[in-house]
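Chain by chain, the residues run as shown.
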Amino acid sequence: MVNALAQMADTPVLIIGDMVADVYLDGEIARISREAPVLVLEQREERVVAGGAANVANNAATLGGSSYAVGVCGTERSGDALLAVLGENGVHTEGFVRADAHPTITKTRIIAGGRATVSQQIVRVDREWHTPLTEETEETLLVRIRELLPQVRGVVLSDYGSGTVTERVRRLVIEETRRMGLPSIVDSRYDILSYEGIGYVKQNDAELASALGRELRSEEEIHAAGHELRARLGADGVLITRGDKGMTLFRADGTAMNIPVSDHSEIFDVSGAGDTCVAVVILALAAGIDPLTAACLSNIASGIAVRKRGTATVSYEELRAALTAGKEAERC
């Protein structure tokens, strides 16, 4: 699989979806406030990292690909910070639409700890817009997608439910990638059944159960559900992530392949691991690598991501080291 990883280098891919600024505000508990019975946090650090679809784009870049991003963000400081973070890793952000009507989606995590205590998240503050895109913003998105499609070899739709992936965006991407012969993959938490005709699908087992409206208690039920979802969408493949059980790839020929967890080391944080998974899969498929090898590579990369705190990226060098230093490649 090391050769496959090298093959992915510089592969151009397009990531479309809900771009999120993940803000981490760290500090120490100083005292009880005199104004109210609440703790006072003395801020030590504030950092912004790419979240949502922006994390997919960031991972595609750090993994060695040529990453193009299309999404919506505001004109305020949060939007500036998100674009700056992506720019540091070389993500092409010309496809962003900046709109006053749609402030940058932010998820601010307050992390607190004392001198003798472990830091932990005490609250998360989300800012999202719940109104549909304006006609002007949607039209601009469609124009930028059409402009970028001829420049890339694979496309991701990263749908976090915030409204960037409209029906028109969805249909354009599905129809054009099929017409152009480009691999595509969708990661959608809430509306996966609307992606009929997409190339590949990434879901976790809970999302799969929710999409089909039933509990999945056994291996047999998971497999039946995976095959059903692939058939209903007419997809080339469905990749289901299953926590400590690894992943299962369902293929168009009716077969399924279980891929065990690559590393049983301590899991620090699963935030963003799915984004890493999707980034690896699209880079591999776009580079002409077979779907099973793509899934195996994504499994190993996700194992690296969950051992990092917070929303994190995985680098080309980290993935290459994991492939060459251990027995991960033998697991497929």
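(A) Structural view of the sheet that holds strand S1 (residues 12-17). Taken in spatial order, the 8 strands make up an open sheet running S4-S1-S9-S10-S11-S12-S13-S14, and their pairing is mixed. Each edge of the sheet is formed by a strand with only one pairing partner; in this case those strands are strand S4 (66-70) and strand S14 (256-259). Ignoring strand direction, the axes of neighbouring strands in this sheet form an average angle of 20 degrees. Here strand S9 (residues 155-159) pairs with strand S10 (residues 184-188) via 5 bridges, running parallel. Considered in S10, the bridge of Leu157 is made with Val186. Seen against the sheet, helix H5 (residues 167-180) touches S1, S9 and S10 and runs at an angle of roughly 160 degrees to S9.

(B) View of the packing of aromatic side chains. Scanning all chains against the criterion turns up 0 aromatic pairs. A cation over a ring is seen here: Arg47 above Tyr24, with NZ or CZ 4.6 Å from the ring centre. Here Arg170 stacks its cationic end above the ring of Tyr195, 5.0 Å away from the centre of that ring.

(C) Local environment of the pairing of S14. Two elements, strand S13 (residues 247-251) and S14, share 4 bridges in a ladder whose sense is antiparallel. The partner of Met247 across the bridge, within S14, is Ile259. From the end of S13 to the start of S14, which pair antiparallel, there are 4 residues, and Gly254 there has a positive phi angle of about 90 degrees.

(D) Representation of the sheet that holds strand S3 (residues 39-52) in the model. The 4 strands lie next to each other as S3-S2-S7-S8, forming an open sheet whose pairing is mixed. At either margin of the open sheet sits one strand with a lone partner, and together these are S3 and strand S8 (120-127). Each strand of the sheet is rotated relative to its neighbour by a mean of 20 degrees, with strand direction disregarded. Packing of helix H2 (residues 53-62) onto the sheet brings it into contact with strand S2 (19-32) and S3, and relative to S3 it is tilted by some 65 degrees.

(E) A look at unusual backbone geometry. Its identity is not glycine, yet Asp10 carries a phi of approximately 65 degrees, on the positive side. Inspection of the secondary structure assignment puts Asp10 in the loop between helix H1 (2-8) and S1.

(F) Examining the packing of helix H4 (residues 135-148) against H5 more closely. The interhelical angle for the contact between H4 and H5, taken along N-to-C directions, is 15 degrees, at an axis separation of 10 Å. Taken together, the axis directions place H4 and H5 in an arrangement best described as roughly parallel. Regarding H4 and H5, the two cross each other, and that crossing is right-handed. Contacts from Glu138, Glu139, Leu142, Ile145 and Arg146 in H4 reach Arg168, Val169, Leu172 and Val173 in H5. Within the contact of H4 with H5, the residues separate by chemical class into 5 nonpolar, no polar and 4 charged.

(G) Spotlight on the environment of Gly87. Turning to its location among the elements, Gly87 is positioned in helix H3 (residues 77-88). For the pair formed by Gly87 and Val281, sequence separation is 194 residues and the distance between their alpha carbons is 22 Å.

(H) A look at the side chain of Ser188. Among the secondary structure elements, Ser188 is positioned in strand S10. Judged by its relative accessible area of 0%, Ser188 is buried. Reaching out from Ser188, the side chain makes a polar contact with the backbone nitrogen of Asp191 at a distance of 3.3 Å. Residues within four places of Ser188 in sequence aside, it is in contact with Asp159, Tyr195, Lys202 and Gln203.

(I) Spatial organisation of the environment of Met1. Along the chain, Met1 turns up in the segment before H1. Between the alpha carbons of Met1 and Pro183 there is a distance of 20 Å; along the sequence they are 182 residues apart.

(J) Focus on H5. Along its 14 residues, H5 runs 20 Å from first to last C-alpha, staying within 8% of the 20 Å computed at 1.5 Å per residue. Within H5, the full set of buried residues consists of Val169, Arg170, Leu172, Val173, Ile174 and Thr177. The secondary structure elements touched by the buried residues of H5 are S1, H4, S9 and S10. Gly181 sits one or two positions beyond H5 and adopts a positive phi of about 75 degrees.

(K) Just the nonpolar core, in detail. Within the largest apolar cluster, 58 residues are counted, with the highest numbers of intra-cluster contacts made by Met8, Ile15, Leu82, Phe96 and Leu319. Looking at which element gives the most residues to this core, the answer is helix H8 (residues 273-286), with 11 residues. Not counting chain neighbours up to four residues away, the residues in contact with Leu82 comprise Met19, Val20, Ala21, Ala50, Ala54, Phe96 and Thr104.

Rules used throughout
- Residues numbered from 1 in each chain as written.
- Predicted model: local features only at pLDDT ≥ 70, side-chain atom pairs only at ≥ 80, totals over all residues.
- Heavy atoms only, no water.
- Pairing = 2+ DSSP bridges.
- Helix = DSSP H or I, 4+ residues; strand = E, 2+ residues; numbered from the N terminus.
- Axes fitted to C-alpha atoms, helices over the stretch in contact; angles between N-to-C directions.
- Contact = heavy atoms within 4.5 Å.
- Phe/Tyr/Trp six-rings, centres within 6.5 Å; stacked < 30°, edge-to-face > 60°.
- Lys NZ or Arg CZ within 6 Å of the ring centre and 35° of its normal.
- Parallel < 35°, antiparallel > 145°, perpendicular 65-115°, else oblique.
- Left-handed = near helix turned anticlockwise from the far one by under 90°.
- Nonpolar A, V, L, I, M, F, W, Y, C, P; charged D, E, K, R; others polar.
- Buried < 20%, exposed > 50% of the residue type's maximum accessible area, 1.4 Å probe, protein only.
- Polar contact = N/O pair within 3.5 Å; in protein donor to acceptor, adjacent residues only side chain to side chain.
- Expected span 1.5 Å × (residues − 1).
- Core = buried A, V, L, I, M, F, W, Y, C linked by side-chain atoms within 4.5 Å.

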